[in-house]
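Given next are the chains, with one letter for each unit.
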Amino acid sequence: TNDDGINFVTYLYAVNLGYDTFAFSADFFAVTIDDGTAVDESATMFGINGSAALGMVNLTTELAFATGDTANGNIDYMGTQFYLKADANLSDAFSVGGELLYALGTDDAGEAQLSYISDWASFTPTSNNTPFDADWSAFEVANGNYWQAFDPTNSNGGVQGITLFAKYNVMDALSLGGQVGYFEPEEDKNTATDDITTFNVWASYMLATNTEFAVAYLYSDYDNLDDEYTTLIA
């Protein structure tokens, strides 16, 4: 990025090695970023992402690790996170699936959980079963960015979560779907939130070729907050 004015030079290095076969595909990745600021922000993530089909069940999984430091080396980045998605077409019209999310948290004052390498909210499991994948999330918003799925309390708390979703093709042009989710912090001493409950429902109608009308409703409840988050999008 540019270094004009108050901005700093940012260096990002990434590598991805992919391997594909008829039965499965896998990607080994590593990325590191150095923003060159006075706090000496450097973050690194690496891991493996894969997909496979076991009979009628499609699997997608990722295991990622984080390291690096910030605050002039006074705080170490840490992170271990796991994701597994399974879905299956039970018939031409009906499909079901589920997701598991797990990430370690930390209560060490000298550590900070690193759950993403950019501030983009592109991994949004509470909307990825809908026509609006990555457009919104069930987790809180701070400074214009969603709290990430692997730390939905934004407290270095990690996560233990599960979602279940289904889709029904009523006819060629009309589809209906929904999802329920339940999430807990892995390091529950870091936050007053004990659990987060979410659900979405949606409908999609193809008006014409390449022309779709879709509507979705999202509900999210942090058990320690008085208000729920609700989103309606069309």
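Preceding block: the structure.
These lines cover the structure that appears in this document, whether it is placed above or below. (Residues numbered from 1 in each chain as written. Predicted model: local features only at pLDDT ≥ 70, side-chain atom pairs only at ≥ 80, totals over all residues. Heavy atoms only, no water.)

1. Digging into the layout of surface pockets
Taking a probe equal in size to a water molecule and rolling it over the atoms shows the remaining empty space.
In step 1: For the second largest pocket, the calculated volume is near 600 Å³.
In step 2: Along its surface, the second largest pocket is lined by 24 residues, and Glu62, Gln81, Ser115, Ser122 and Phe123 are the ones closest to its centre.
In step 3: Looking at the lining of the second largest pocket, the elements with two or more residues in it are strand S1 (11-20), strand S2 (24-34), strand S3 (42-54), strand S4 (57-70) and strand S5 (75-89).
In step 4: Residues that form the lining of the second largest pocket fall into these classes: 14 nonpolar, 8 polar and 2 charged. (1 Å grid on protein atoms, 1.4 Å probe; cavity = no way out; pocket = protein on both sides within 12 Å on 5 of 7 lines; lining within 4 Å. Points joined across faces, edges and corners; volume = space filled by probe spheres on them. Helix = DSSP H or I, 4+ residues; strand = E, 2+ residues; numbered from the N terminus. Nonpolar A, V, L, I, M, F, W, Y, C, P; charged D, E, K, R; others polar.)

2. Notes on unusual backbone geometry
In step 1: Even without being a glycine, Asn72 presents a positive backbone phi close to 55 degrees.
In step 2: Inspection of the secondary structure puts Asn72 in the loop between S4 and S5.
In step 3: Its identity as a non-glycine residue notwithstanding, Asn154 has a phi of 55 degrees, on the positive side.
In step 4: Here Asn154 shows up in the loop between strand S9 (145-146) and strand S10 (159-169).
In step 5: For Asn154, a relative accessible area of 48% gives the class partly exposed. (Buried < 20%, exposed > 50% of the residue type's maximum accessible area, 1.4 Å probe, protein only.)

3. Some words on the packing of aromatic side chains
In step 1: Summed over all chains, the structure comprises 8 aromatic pairs.
In step 2: Ring plane angle 50 degrees and centroid distance 6.1 Å describe the contact between Phe199 and Tyr217, whose orientation is recorded as tilted. In this pair, Phe199 is assigned in strand S12 (residues 196-208) and Tyr217 in strand S13 (residues 211-222), connecting sequence segments 18 residues apart.
In step 3: Look at Tyr217 and you get partly exposed, because its relative accessible area is 30%.
In step 4: Note on Tyr222 and Tyr229: the rings are 6.1 Å apart at their centroids and 65 degrees apart in plane angle, and the pair reads as edge-to-face.
In step 5: An aromatic cluster is present here, built from Tyr83, Phe123 and Phe150 joined pairwise through their rings. (Phe/Tyr/Trp six-rings, centres within 6.5 Å; stacked < 30°, edge-to-face > 60°.)

4. A word on the pairing of S5
In step 1: For S4 and S5, the ladder comprises 12 bridges, and the chain directions are antiparallel. Looking at S5, one finds that Ala64 is bridged to Gln81.
In step 2: Here S4 folds back onto S5 in antiparallel fashion, the turn holding 4 residues, of which Ala71 has a positive phi close to 55 degrees.
In step 3: The sheet contact formed by S5 and strand S7 (residues 111-113) spans 3 bridges and is parallel. (Pairing = 2+ DSSP bridges.)

5. Topic: the side chain of Ser115
In step 1: Residue placement: Ser115 occurs in the loop between S7 and strand S8 (141-142).
In step 2: Relative accessible area serves as the criterion here: at 11%, Ser115 is assigned to the buried category.
In step 3: In this structure, Ser115 is in contact with Met45, Gln81, Gln148, Phe150 and Asp151, ignoring residues within four places of it in sequence. (Contact = heavy atoms within 4.5 Å.)

6. Describing the nonpolar core
In step 1: One finds Tyr83, Leu101, Ala103, Phe139, Trp147, Ala149, Phe150, Val159, Phe183, Ile196 and Tyr222 forming the largest nonpolar core, which totals 11 residues.
In step 2: Not counting the four nearest positions on each side in its chain, Ile196 is found in contact with Phe139, Pro152, Thr153, Gly181, Tyr182, Phe183, Ser220, Asp221 and Tyr222.
In step 3: Listed in part, the 8 residues of the second largest apolar core include Ile33, Met45, Tyr77 and Ala112. (Core = buried A, V, L, I, M, F, W, Y, C linked by side-chain atoms within 4.5 Å.)

7. As for the side chain of Ser220
In step 1: The topology assignment puts Ser220 in strand S13.
In step 2: With relative accessibility at 1%, the residue Ser220 sits in the buried group.
In step 3: Here Ala138 takes part through its backbone oxygen, which lies 2.6 Å from a polar atom of the side chain of Ser220.
In step 4: Once residues within four sequence positions are removed from consideration, Ser220 is found in contact with Ala138, Ile196, Thr197, Thr198, Glu228 and Tyr229. (Polar contact = N/O pair within 3.5 Å; in protein donor to acceptor, adjacent residues only side chain to side chain.)

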